[in-house]
Amino acid sequence: MLMMDSSETLPKAIADYLSDISLDFFSYKFQNKIYGSQPYELREDHWKKLNLPFKKVRKKFKVLAKARNQLAKNNGYHSYLEFILNHDKIPQSNLKQFIKDIDRTIEHCNQSLPKIDLPNWFYSEFNLPCFICETTSFPFDNLDNVFNFVAQQFPVLEKNKNRISIIHGDNTQMIYKQETNIFQITINKNFNNRHQTIGLIHELGHVISQLTDMDKSIDPVLEGKYHGEKGATEIEFTTLKKISPLLFQAYLAEILFSIHRILFEIELYHNPEQDFDLLYAQTFNKCFHKANQKTNPLY
(Lines give C-alpha, C1' and ligand atoms only; values in the text may rest on other atoms or scores of the structure.)
Protein backbone atom coordinates (compact mmCIF):
# COMPACT_ATOMS: atom_id res chain seq x y z
CA MET A 1 0.00 0.00 0.00
CA LEU A 2 1.41 3.39 -1.02
CA MET A 3 1.77 5.99 1.75
CA MET A 4 0.79 9.60 1.00
CA ASP A 5 3.39 12.24 1.76
CA SER A 6 2.62 15.23 3.96
CA SER A 7 1.86 17.50 0.99
CA GLU A 8 -1.01 15.17 0.06
CA THR A 9 -2.22 14.31 3.57
CA LEU A 10 -3.19 17.82 4.70
CA PRO A 11 -5.24 18.75 1.57
CA LYS A 12 -7.03 15.40 1.86
CA ALA A 13 -7.79 16.02 5.54
CA ILE A 14 -9.17 19.47 4.70
CA ALA A 15 -11.27 18.09 1.84
CA ASP A 16 -12.63 15.27 4.02
CA TYR A 17 -13.53 17.71 6.79
CA LEU A 18 -15.30 20.11 4.44
CA SER A 19 -17.22 17.26 2.79
CA ASP A 20 -19.43 17.10 5.90
CA ILE A 21 -19.69 20.83 6.61
CA SER A 22 -20.58 23.61 4.18
CA LEU A 23 -18.25 26.57 3.67
CA ASP A 24 -21.30 28.72 4.42
CA PHE A 25 -21.00 27.54 8.02
CA PHE A 26 -17.94 29.79 8.42
CA SER A 27 -19.68 32.93 7.12
CA TYR A 28 -20.87 35.72 9.40
CA LYS A 29 -24.45 35.47 8.14
CA PHE A 30 -24.61 31.76 8.94
CA GLN A 31 -23.05 32.08 12.38
CA ASN A 32 -25.30 35.01 13.20
CA LYS A 33 -28.29 32.70 12.81
CA ILE A 34 -26.91 30.73 15.75
CA TYR A 35 -25.55 33.50 17.95
CA GLY A 36 -27.88 36.31 16.90
CA SER A 37 -31.25 34.55 16.85
CA GLN A 38 -33.81 36.11 19.14
CA PRO A 39 -35.07 35.17 21.60
CA TYR A 40 -32.08 33.36 23.05
CA GLU A 41 -34.10 30.16 23.60
CA LEU A 42 -34.32 29.60 19.83
CA ARG A 43 -30.57 29.43 19.27
CA GLU A 44 -29.99 25.89 20.50
CA ASP A 45 -32.99 24.69 18.48
CA HIS A 46 -31.55 26.29 15.36
CA TRP A 47 -28.20 24.60 16.01
CA LYS A 48 -29.86 21.20 16.37
CA LYS A 49 -31.88 21.69 13.18
CA LEU A 50 -28.66 21.93 11.20
CA ASN A 51 -28.42 18.16 11.60
CA LEU A 52 -24.66 18.17 11.34
CA PRO A 53 -23.06 14.71 11.54
CA PHE A 54 -21.31 15.62 14.79
CA LYS A 55 -19.42 12.36 15.31
CA LYS A 56 -17.98 12.42 11.80
CA VAL A 57 -17.12 16.12 11.96
CA ARG A 58 -15.36 15.78 15.33
CA LYS A 59 -13.36 12.79 14.08
CA LYS A 60 -12.33 14.53 10.88
CA PHE A 61 -11.36 17.68 12.77
CA LYS A 62 -8.96 15.59 14.86
CA VAL A 63 -7.53 14.08 11.67
CA LEU A 64 -7.06 17.60 10.31
CA ALA A 65 -5.22 18.72 13.46
CA LYS A 66 -2.94 15.69 13.29
CA ALA A 67 -2.25 16.28 9.60
CA ARG A 68 -1.18 19.86 10.34
CA ASN A 69 1.15 18.64 13.09
CA GLN A 70 2.59 15.99 10.80
CA LEU A 71 3.19 18.44 7.97
CA ALA A 72 5.03 20.71 10.41
CA LYS A 73 7.16 17.83 11.72
CA ASN A 74 8.00 16.70 8.20
CA ASN A 75 9.32 20.21 7.57
CA GLY A 76 11.56 20.24 10.63
CA TYR A 77 9.24 21.71 13.27
CA HIS A 78 8.19 20.13 16.54
CA SER A 79 4.53 20.99 16.00
CA TYR A 80 2.10 23.04 13.93
CA LEU A 81 2.31 25.74 16.60
CA GLU A 82 6.06 26.09 16.06
CA PHE A 83 5.44 26.22 12.31
CA ILE A 84 2.96 29.10 12.74
CA LEU A 85 5.36 30.99 15.00
CA ASN A 86 8.01 30.79 12.30
CA HIS A 87 5.60 31.54 9.44
CA ASP A 88 4.21 34.68 11.10
CA LYS A 89 7.64 35.64 12.50
CA ILE A 90 6.53 35.55 16.12
CA PRO A 91 9.56 35.39 18.45
CA GLN A 92 9.60 32.35 20.76
CA SER A 93 10.40 34.72 23.61
CA ASN A 94 7.10 36.53 23.02
CA LEU A 95 5.14 33.29 23.27
CA LYS A 96 6.94 32.40 26.51
CA GLN A 97 6.13 35.84 27.93
CA PHE A 98 2.51 35.46 26.82
CA ILE A 99 2.21 32.14 28.66
CA LYS A 100 3.94 33.56 31.74
CA ASP A 101 1.62 36.57 31.95
CA ILE A 102 -1.60 34.96 30.77
CA ASP A 103 -3.33 34.46 34.13
CA ARG A 104 -2.56 38.02 35.23
CA THR A 105 -3.73 39.40 31.88
CA ILE A 106 -7.01 37.46 32.00
CA GLU A 107 -7.61 38.61 35.58
CA HIS A 108 -6.97 42.25 34.64
CA CYS A 109 -9.34 42.09 31.67
CA ASN A 110 -12.11 40.48 33.72
CA GLN A 111 -11.75 43.01 36.50
CA SER A 112 -11.84 45.90 34.00
CA LEU A 113 -14.93 44.85 32.00
CA PRO A 114 -17.81 47.36 32.21
CA LYS A 115 -20.24 46.82 35.07
CA ILE A 116 -23.41 46.07 33.11
CA ASP A 117 -26.56 44.19 34.09
CA LEU A 118 -26.39 41.09 31.87
CA PRO A 119 -28.84 38.25 31.12
CA ASN A 120 -28.10 34.90 32.80
CA TRP A 121 -27.32 33.31 29.41
CA PHE A 122 -24.73 35.95 28.47
CA TYR A 123 -21.80 33.55 28.87
CA SER A 124 -23.48 30.43 27.50
CA GLU A 125 -22.23 28.51 24.46
CA PHE A 126 -24.97 29.96 22.25
CA ASN A 127 -24.01 33.58 22.83
CA LEU A 128 -20.95 35.63 21.99
CA PRO A 129 -20.60 37.96 25.00
CA CYS A 130 -20.20 41.42 23.46
CA PHE A 131 -19.82 44.36 25.82
CA ILE A 132 -19.41 46.75 22.88
CA CYS A 133 -23.02 46.11 21.88
CA GLU A 134 -24.25 46.15 25.49
CA THR A 135 -23.05 49.65 26.38
CA THR A 136 -25.86 52.22 26.43
CA SER A 137 -24.12 54.84 24.28
CA PHE A 138 -21.62 54.91 21.42
CA PRO A 139 -19.48 57.86 20.28
CA PHE A 140 -19.83 57.51 16.47
CA ASP A 141 -22.82 57.19 14.16
CA ASN A 142 -20.94 56.89 10.84
CA LEU A 143 -17.53 55.83 9.51
CA ASP A 144 -16.61 59.30 8.20
CA ASN A 145 -16.57 60.57 11.76
CA VAL A 146 -14.44 57.60 12.78
CA PHE A 147 -11.88 58.36 10.07
CA ASN A 148 -11.77 62.04 10.99
CA PHE A 149 -11.19 61.28 14.66
CA VAL A 150 -8.34 58.83 13.95
CA ALA A 151 -6.82 61.27 11.44
CA GLN A 152 -6.77 63.96 14.15
CA GLN A 153 -4.70 61.63 16.34
CA PHE A 154 -2.45 60.50 13.49
CA PRO A 155 -1.91 63.31 10.94
CA VAL A 156 -0.23 60.87 8.53
CA LEU A 157 -3.75 59.68 7.64
CA GLU A 158 -4.95 63.13 6.59
CA LYS A 159 -1.73 63.62 4.64
CA ASN A 160 -2.37 60.38 2.72
CA LYS A 161 -6.17 60.61 2.61
CA ASN A 162 -6.28 60.37 -1.20
CA ARG A 163 -4.43 57.04 -1.05
CA ILE A 164 -7.03 55.42 1.23
CA SER A 165 -10.15 53.75 -0.14
CA ILE A 166 -12.89 52.47 2.19
CA ILE A 167 -15.51 50.09 0.78
CA HIS A 168 -18.02 47.58 2.17
CA GLY A 169 -17.83 43.84 1.53
CA ASP A 170 -18.21 40.42 3.14
CA ASN A 171 -15.20 40.75 5.46
CA THR A 172 -12.98 43.32 7.14
CA GLN A 173 -9.42 43.72 5.91
CA MET A 174 -6.81 46.11 4.55
CA ILE A 175 -4.83 45.47 1.38
CA TYR A 176 -2.06 47.69 0.07
CA LYS A 177 -2.28 47.75 -3.74
CA GLN A 178 1.25 48.46 -4.86
CA GLU A 179 0.31 48.95 -8.53
CA THR A 180 -1.97 51.89 -7.68
CA ASN A 181 -0.30 52.91 -4.38
CA ILE A 182 -3.70 52.64 -2.67
CA PHE A 183 -4.59 51.31 0.78
CA GLN A 184 -7.95 49.59 0.27
CA ILE A 185 -9.94 48.98 3.45
CA THR A 186 -12.93 46.66 3.29
CA ILE A 187 -15.48 46.82 6.11
CA ASN A 188 -17.89 43.92 6.69
CA LYS A 189 -21.28 45.16 5.50
CA ASN A 190 -23.04 42.62 7.74
CA PHE A 191 -21.67 44.14 10.97
CA ASN A 192 -23.56 46.76 12.95
CA ASN A 193 -22.20 50.30 13.21
CA ARG A 194 -20.31 49.59 16.43
CA HIS A 195 -18.35 46.65 15.04
CA GLN A 196 -17.78 48.41 11.73
CA THR A 197 -16.27 51.24 13.77
CA ILE A 198 -13.93 48.93 15.68
CA GLY A 199 -12.98 47.21 12.43
CA LEU A 200 -12.20 50.51 10.71
CA ILE A 201 -10.03 51.69 13.60
CA HIS A 202 -8.01 48.48 13.44
CA GLU A 203 -7.58 48.63 9.65
CA LEU A 204 -6.58 52.29 9.84
CA GLY A 205 -4.02 51.10 12.36
CA HIS A 206 -2.60 48.88 9.62
CA VAL A 207 -2.45 51.84 7.23
CA ILE A 208 -0.68 54.04 9.81
CA SER A 209 1.73 51.23 10.70
CA GLN A 210 2.59 50.55 7.06
CA LEU A 211 3.02 54.24 6.22
CA THR A 212 5.37 54.55 9.20
CA ASP A 213 7.34 51.51 8.02
CA MET A 214 7.58 52.90 4.50
CA ASP A 215 8.94 56.21 5.81
CA LYS A 216 11.67 54.17 7.53
CA SER A 217 12.32 52.09 4.36
CA ILE A 218 10.97 48.99 6.13
CA ASP A 219 9.13 46.44 3.99
CA PRO A 220 6.04 45.34 6.03
CA VAL A 221 5.75 42.12 4.01
CA LEU A 222 9.28 41.04 4.85
CA GLU A 223 8.72 41.90 8.51
CA GLY A 224 5.89 39.33 8.70
CA LYS A 225 2.29 39.15 9.85
CA TYR A 226 3.05 39.50 13.56
CA HIS A 227 4.86 42.79 13.02
CA GLY A 228 1.90 44.20 11.12
CA GLU A 229 -0.76 43.02 13.57
CA LYS A 230 1.24 44.22 16.56
CA GLY A 231 1.63 47.68 15.06
CA ALA A 232 -2.06 47.96 14.13
CA THR A 233 -3.21 46.70 17.53
CA GLU A 234 -1.04 49.17 19.44
CA ILE A 235 -2.55 52.03 17.41
CA GLU A 236 -6.04 50.60 17.96
CA PHE A 237 -5.52 50.46 21.74
CA THR A 238 -4.22 54.03 21.84
CA THR A 239 -7.16 55.27 19.77
CA LEU A 240 -9.86 53.47 21.77
CA LYS A 241 -8.49 54.85 25.04
CA LYS A 242 -8.64 58.39 23.63
CA ILE A 243 -12.20 57.91 22.33
CA SER A 244 -13.65 56.59 25.57
CA PRO A 245 -12.35 54.68 28.60
CA LEU A 246 -15.68 52.79 28.69
CA LEU A 247 -15.33 51.74 25.05
CA PHE A 248 -11.81 50.47 25.74
CA GLN A 249 -13.09 48.52 28.74
CA ALA A 250 -15.80 46.98 26.56
CA TYR A 251 -13.18 46.07 23.97
CA LEU A 252 -11.31 44.01 26.56
CA ALA A 253 -13.90 41.26 26.00
CA GLU A 254 -12.61 41.03 22.40
CA ILE A 255 -9.11 40.59 23.81
CA LEU A 256 -10.39 37.75 25.98
CA PHE A 257 -11.91 36.13 22.87
CA SER A 258 -8.53 36.29 21.16
CA ILE A 259 -6.81 34.77 24.19
CA HIS A 260 -9.48 32.05 24.26
CA ARG A 261 -8.76 31.10 20.67
CA ILE A 262 -4.99 31.13 21.21
CA LEU A 263 -5.17 28.93 24.32
CA PHE A 264 -7.59 26.55 22.61
CA GLU A 265 -5.33 26.11 19.59
CA ILE A 266 -2.17 25.73 21.68
CA GLU A 267 -3.78 22.90 23.64
CA LEU A 268 -5.45 21.44 20.55
CA TYR A 269 -2.18 20.97 18.66
CA HIS A 270 -0.35 19.89 21.79
CA ASN A 271 -2.77 17.00 22.23
CA PRO A 272 -5.11 16.38 19.26
CA GLU A 273 -6.51 13.25 20.92
CA GLN A 274 -8.45 15.10 23.60
CA ASP A 275 -12.13 16.06 23.76
CA PHE A 276 -12.27 19.36 21.84
CA ASP A 277 -15.83 20.15 22.97
CA LEU A 278 -14.65 19.99 26.58
CA LEU A 279 -11.42 21.87 25.84
CA TYR A 280 -13.29 24.71 24.11
CA ALA A 281 -15.57 25.12 27.14
CA GLN A 282 -12.71 24.92 29.65
CA THR A 283 -10.58 27.52 27.89
CA PHE A 284 -13.63 29.78 27.54
CA ASN A 285 -14.30 29.51 31.28
CA LYS A 286 -10.65 30.30 31.96
CA CYS A 287 -10.92 33.51 29.95
CA PHE A 288 -14.37 34.62 31.13
CA HIS A 289 -14.50 34.15 34.89
CA LYS A 290 -18.28 34.33 35.11
CA ALA A 291 -18.74 31.58 32.53
CA ASN A 292 -19.56 28.02 33.51
CA GLN A 293 -19.81 26.08 30.27
CA LYS A 294 -19.73 22.29 30.58
CA THR A 295 -19.10 21.53 26.91
CA ASN A 296 -19.13 23.56 23.71
CA PRO A 297 -19.20 22.06 20.18
CA LEU A 298 -19.08 25.41 18.38
CA TYR A 299 -15.31 25.52 17.87
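The structure displayed is predicted, hence computed values, not measured ones. (Residues numbered from 1 in each chain as written. Predicted model: local features only at pLDDT ≥ 70, side-chain atom pairs only at ≥ 80, totals over all residues. Heavy atoms only, no water.)

1. Digging into the sheet that holds strand β3 (residues 182–188)
Note the threshold: Each pair of strands is called paired provided DSSP finds at least two bridges between the two strands. Numbering goes from the N terminus for both helices and strands, where a helix is a DSSP run of H or I of at least four residues and a strand is a run of E of at least two. Here, axes are lines fitted to C-alpha atoms. For helices the fit covers the stretch in contact, and angles between N-to-C directions go from 0 to 180 degrees.
The strand order β1-β3-β2 describes an open sheet built from 3 strands, whose pairing is mixed. What marks the edges here is a single partner per strand, and that holds for β1 (164–169) and β2 (173–177). The sheet shows a mean angle of 25° between the axes of neighbouring strands, direction not considered. In this sheet, β3 lies alongside β2 in antiparallel orientation, the contact comprising 5 bridges. Residue pairing across strands places Q173 opposite T186, the latter belonging to β3.

2. Thoughts on the nonpolar core
The test is simple: Put simply, a nonpolar core is a bunch of buried Ala, Val, Leu, Ile, Met, Phe, Trp, Tyr and Cys residues held in one set by side-chain atoms that sit within 4.5 Å of each other. Remark: exposure states derive from per-residue accessible area (1.4 Å probe, protein chains only) relative to the maximum for the residue type, with buried under 20%, exposed over 50%, and partly exposed in between. Contact criterion: two residues are considered in contact whenever any of their non-hydrogen atoms come within 4.5 Å of each other.
Core analysis: the largest hydrophobic core is formed by 49 residues, its most contacted members being Y123, V150, L157, I185, V207, L240 and F288. Breaking this core down by element, the ones donating at least two residues are α6 (92–112), α7 (131–134), α8 (143–153), β3, α10 (193–215), α12 (225–243), α13 (245–270) and α14 (276–287). Top contributing element to this core by residue count: α13, with 11 residues. In this structure F288 touches N110, Y123, P129, A253, L256 and F257, once residues within four positions along its chain are discounted.

3. As for the environment of L23
On the secondary structure map, L23 appears in the loop between α1 (6–18) and α2 (28–35). When its relative accessible area of 61% is taken as the criterion, L23 is described as exposed. As for L23 and N171, which are separated by 148 residues in sequence, their C-alpha atoms are 15 Å apart.

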